[in-house]
Amino acid sequence: GAVVSQHPSWVICKSGTSVKIECRSLDFQATTMFWYRQFPKQSLMLMATSNEGSKATYEQGVEKDKFLINHASLTLSTLTVTSAHPEDSSFYICSARVPRGGYTFGSGTRLTVV
Amino acid sequence: AQSVTQLDSQVPVFEEAPVELRCNYSSSVSVYLFWYVQYPNQGLQLLLKYLSGSTLVKGINGFEAEFNKSQTSFHLRKPSVHISDTAEYFCAVRFSGGYNKLIFGAGTRLAVHP
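Residues numbered from 1 in each chain as written. Chains lettered and ligands numbered in written order. Predicted model: local features only at pLDDT ≥ 70, side-chain atom pairs only at ≥ 80, totals over all residues. Heavy atoms only, no water.

(A) Representation of the packing of aromatic side chains in the model. Enumeration over the complete set of coordinates arrives at 13 aromatic pairs over all chains. With a centroid separation of 6.0 Å and 45 degrees between ring planes, the pair formed by Y36 of chain B and F104 of chain B is classed as tilted. Highlighted residues: Y36 of chain B in strand β5 (residues 31–38) and F104 of chain B in strand β11 (residues 102–104), separated in sequence by 68 residues. Owing to a relative accessible area of 8%, F104 of chain B belongs among the buried residues under this scheme. When the centroid spacing of 5.5 Å and the interplanar angle of 45 degrees are considered together, the rings of F63 of chain B and Y89 of chain B count as tilted. Residue F63 of chain B is found in the loop between β7 (56–58) and β8 (64–68), and its partner Y89 of chain B is found in strand β10 (residues 87–95); the two are separated by 26 residues along the sequence. Put simply, the rings of F34, Y36, Y103 and F105 of chain A together with F34, Y36, F90 and F104 of chain B touch in pairs and so form one group of aromatic residues. (Phe/Tyr/Trp six-rings, centres within 6.5 Å; stacked < 30°, edge-to-face > 60°. Helix = DSSP H or I, 4+ residues; strand = E, 2+ residues; numbered from the N terminus. Buried < 20%, exposed > 50% of the residue type's maximum accessible area, 1.4 Å probe, protein only.)

Structure follows, in structure tokens:
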């Protein structure tokens, strides 16, 4: 139980275009989801916390206008990388809180901007 | 300030040998503690977690960890490792308050050699 499905698993886009990444909770309601970014051989850096029906809370240094987060329902949160540039290339992972204090993670999205 | 420190970036070990991956945290509030494993280009898999109760926590794949409040540590151990344990291991801490976001350590690369 408590599965989060993340799509796409990988995407290549041209510089200047936008990319949307979806994160769905399949068998539970996720009122809170988290978005992380991971550079090669580095740890996960929390980008933002999204709450269903309200604005996301961004971590210091994360551009909210560049990384748009929408959490319109209890089962779906999306991250849109707007006007992507090569430096946005990274591995993006979503996560959701689950009952009894735990967290579950999506399988990640490898974004490559060319 | 709240932080998570994994003291070893890489740990090489021979197959069937014991291993300990170290994790320390800094916090003045109560914490929940987690260990995750990540295989290349994949999301995170929960190994074990400490929420309350017994300070010795047993997880999947023969791993265990012990919460030491006085030393603010949560070291991960396995008595006998396998080649398949080669992966990146992340310690994560949830600090009480806010949206209960999860903060990750820098990660430890466990390399098991035959």
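(B) View of unusual backbone geometry. The residue after H7 of chain A, namely P8 of chain A, is reached through a cis peptide bond having omega -5 degrees. Inspection of the secondary structure puts P8 of chain A in the loop between β1 (4–7) and β2 (10–13).

(C) Here's a closer look at the sheet that holds strand β8 (residues 76–81) of chain A. Residue and element names in this part refer to chain A. With antiparallel pairing, the four strands of this open sheet are ordered in space as β1-β3-β8-β7. Here the strands that pair on one side only, and so sit at the sheet edges, are β1 and β7 (67–73). Adjacent strand axes in the sheet meet at a mean angle of 15 degrees, parallel and antiparallel pairs treated alike. Here β7 pairs with β8 via five bridges, running antiparallel. Bridge pairing in β8 places I69 opposite L79. (Pairing = 2+ DSSP bridges. Axes fitted to C-alpha atoms, helices over the stretch in contact; angles between N-to-C directions.)

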